[in-house]
Amino acid sequence: MNFNAPRMLPVLLLGLVFSHSVSGQLGFIPSDKAGGLSDTKLVTKDIHDICKQVQEKVETQLNTKFKMFKPLKYKTQVVSGTNLYIKVKVRGEDESEVSFIHIKVFKPLSYSNEEPSLVGIQEVA
């Protein structure tokens, strides 16, 4: 078998370009860096549900009850699961003025059957 490397180079490059473009279209190659933060996203039903799940823990840690606990926007960070950074509009039961908090929630991989968990809270000044 006679192998001519210079003649094979265009074929190899074409194969590499084609496989990269097809796998990118199928979602095998992520567009963002692993571990980096996503762009800001609008809140989905899933994010609303997660906020309802962690609201009581947030209230306990801040030693207050919220009459309003409304997620506004969020970012994601893919790790072994997903970190969610959520901006939440809050108002206390005493009808105090509206303020904002940032919460960090870890959402485990779906196969683990674990619930999302509150990781941190930051009050916005």
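Residues numbered from 1 in each chain as written. Predicted model: local features only at pLDDT ≥ 70, side-chain atom pairs only at ≥ 80, totals over all residues. Heavy atoms only, no water.

Asker: Tell me what's going on with the overall build of the protein, and back it up with residues and numbers.
Answerer: When helices and strands are counted, the protein shows 2 helices and 5 strands. Of the regular secondary structure in the protein, the N- to C-terminal order runs α-β-α-β-β-β-β. Within the span of the protein, comprising 125 residues, buried residues form 23% of the whole. Restricting the contact set of the protein to residue pairs at least 6 apart, pairs at least 24 apart contribute 45%. In the structure as shown, the protein presents an accessible area of about 9,300 Å², 56% of it carried by carbon and sulfur atoms. (Helix = DSSP H or I, 4+ residues; strand = E, 2+ residues; numbered from the N terminus. Buried < 20%, exposed > 50% of the residue type's maximum accessible area, 1.4 Å probe, protein only. Contact = heavy atoms within 4.5 Å. Areas by Shrake-Rupley, 256 points an atom, 1.4 Å probe, with all protein chains shown as cover.)

Asker: Explain the confidence of the model for the protein to me, using residue names and the numbers behind them.
Answerer: Here the protein averages 82 in pLDDT, while 73% of its residues score no lower than 70. Segment residues 11-31: pLDDT under 50, and 4 contacts once partners within four positions in sequence are set aside and those in other chains are kept. (pLDDT = per-residue confidence, 0-100.)

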